[in-house]
Amino acid sequence: MADEFVNANADKEEENIYLRLTHDTLDAKSIMDQVRSPSCGAIVLFAGTTRDNFQGKPVKHLAYSSYESLAIRTMRQIALQVKTKHQLHGIAIVHRLGMVPIGEESILIAVSSPHRQAAWAAGEETLERVKDRVEIWKLEEFGGEDGGVWRANRDGQAGIKVADKDLSTFQATSRQSE
């Protein structure tokens, strides 16, 4: 899995950046700990979860796929830009790949700042940039006869319907890579 932590030996603007793509269940506390600092009065955490419906259709689960090396590179660019713009102490972006059941987190974003206003703004901006730019795609598998839809990881965008055999192939491949 792709994983990158830019530590204190890096240039000042690149330190305290934590990026990860993983098939593991996400842990909010560990991500918050990556950005925690005694100099900060605010940590903002966003946790995106799999909901049980999309536009009135029941969702069985989501599955995420990525071009990992490119996705980490894009996540790093976003982290550097947002960290600099909002004068953050730290920023962490972690996205889950593979199957994500209903109610579980698919993305965690944590930012820390001396003051809450900068942290709030940076958290939302990071999420919007990640959804807009990072090379991650999701498969929404619906209940009933609706099958599944592949779409870019963006809110409300139309996807491409996939046949049941395509779903089975993805599920088998996804389980093997875990």
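Given the structure is predicted, the values throughout are model-derived calculations rather than measurements.

Analysis parameters
- Residues numbered from 1 in each chain as written.
- Predicted model: local features only at pLDDT ≥ 70, side-chain atom pairs only at ≥ 80, totals over all residues.
- Heavy atoms only, no water.
- Helix = DSSP H or I, 4+ residues; strand = E, 2+ residues; numbered from the N terminus.
- Expected span 1.5 Å × (residues − 1).
- Contact = heavy atoms within 4.5 Å.
- Core = buried A, V, L, I, M, F, W, Y, C linked by side-chain atoms within 4.5 Å.
- Buried < 20%, exposed > 50% of the residue type's maximum accessible area, 1.4 Å probe, protein only.
- UniProt positions renumbered as here; feature names shortened; annotations may be inferred.
- Salt bridge = Lys/Arg side-chain N within 4 Å of Asp/Glu carboxyl O.
- Polar contact = N/O pair within 3.5 Å; in protein donor to acceptor, adjacent residues only side chain to side chain.

Here we take up helix 3 (residues 116-133). Over its 18 residues, helix 3 extends 26 Å from the first C-alpha to the last, a length consistent with the 26 Å expected when each residue adds 1.5 Å. The inward-facing, buried residues of helix 3 contact strand 3 (42-49), helix 2 (68-86), strand 6 (90-96) and strand 8 (105-113).

The subject of this paragraph is the nonpolar core. Taken as a class, soluble globular proteins show a tendency for nonpolar side chains to be buried jointly. Counting residues in hydrophobic clusters, the biggest one holds 32 residues, and the most contacted among them are Leu19, Leu21, Met75, Ile91, Ile93, Val111 and Val134. Elements with a contribution of two residues or more to this core: strand 2 (17-22), strand 3, strand 5 (57-66), helix 2, strand 6, strand 8, helix 3 and strand 9 (136-142). Apart from residues lying up to four places away in sequence, methionine 75 is in contact with Leu19, Arg20, Leu21, Ile93 and Val134. By size, the runner-up hydrophobic cluster in this structure holds eight residues, among which are Tyr18, Val35, Leu108 and Ala110.

In the numbering used here, UniProt assigns the feature "binding site: substrate" (unreviewed entry) to His115, Arg116, Lys131, Lys138, Leu139 and Glu140. Examined against the element boundaries, lysine 138 turns out to sit in strand 9. According to the relative accessible area criterion, lysine 138 is buried, its value standing at 9%. In this fold, glutamate 140 is placed in strand 9.

Tracing the sequence through the fold places tyrosine 67 in the loop between strand 5 and helix 2. Given the relative accessible area of 48%, tyrosine 67 is considered partly exposed. Residues tyrosine 67 and glutamate 135 lie 68 residues apart in sequence; the distance between their C-alpha atoms is 5.9 Å. Ignoring any residue separated from it by four or fewer positions in sequence, one finds tyrosine 67 in contact with Glu135 and Trp137.

It is worth spelling out unusual backbone geometry at this point. Positive phi is not limited to glycine here, since glutamine 55 has a value of about 50°. Positionally, glutamine 55 belongs in the loop between strand 4 (53-54) and strand 5. Even without glycine at this site, glutamine 87 takes up a positive phi of about 50°. For glutamine 87, a relative accessible area of 65% gives the class exposed.

Here we come to the pattern of salt bridges. Tallied over the full model, the rule gives eight salt bridges. Residue glutamate 104 is joined to arginine 96 by a salt bridge in which the shortest nitrogen-to-oxygen separation is 2.6 Å. On the basis of relative accessible area, glutamate 104 is assigned to the partly exposed category, the value being 27%. Owing to a relative accessible area of 7%, arginine 96 belongs among the buried residues under this scheme. Residue arginine 129 pairs with glutamate 125 through a salt bridge whose shortest N-O separation is 2.8 Å. With a gap of four residues between them, arginine 129 and glutamate 125 both fall in helix 3, about one helical turn apart. Taken together, the salt bridges that share partners define one network made up of Lys29, Asp33 and Arg36.

By secondary structure assignment, the location of histidine 61 is in strand 5. The buried category is assigned to histidine 61, whose relative accessible area is 12%. At a separation of 3.1 Å, a polar atom in the side chain of histidine 61 contacts the side chain of glutamate 141.

Right, let's talk about the environment of glycine 41 for a bit. Looking at where glycine 41 falls in the secondary structure, it is placed in the loop between helix 1 (28-35) and strand 3. A C-alpha to C-alpha distance of 6.9 Å links glycine 41 and arginine 116, two positions 75 residues apart in sequence. Apart from the residues lying within four places of it in its own chain, the contact partners of glycine 41 are Ser113 and Pro114.

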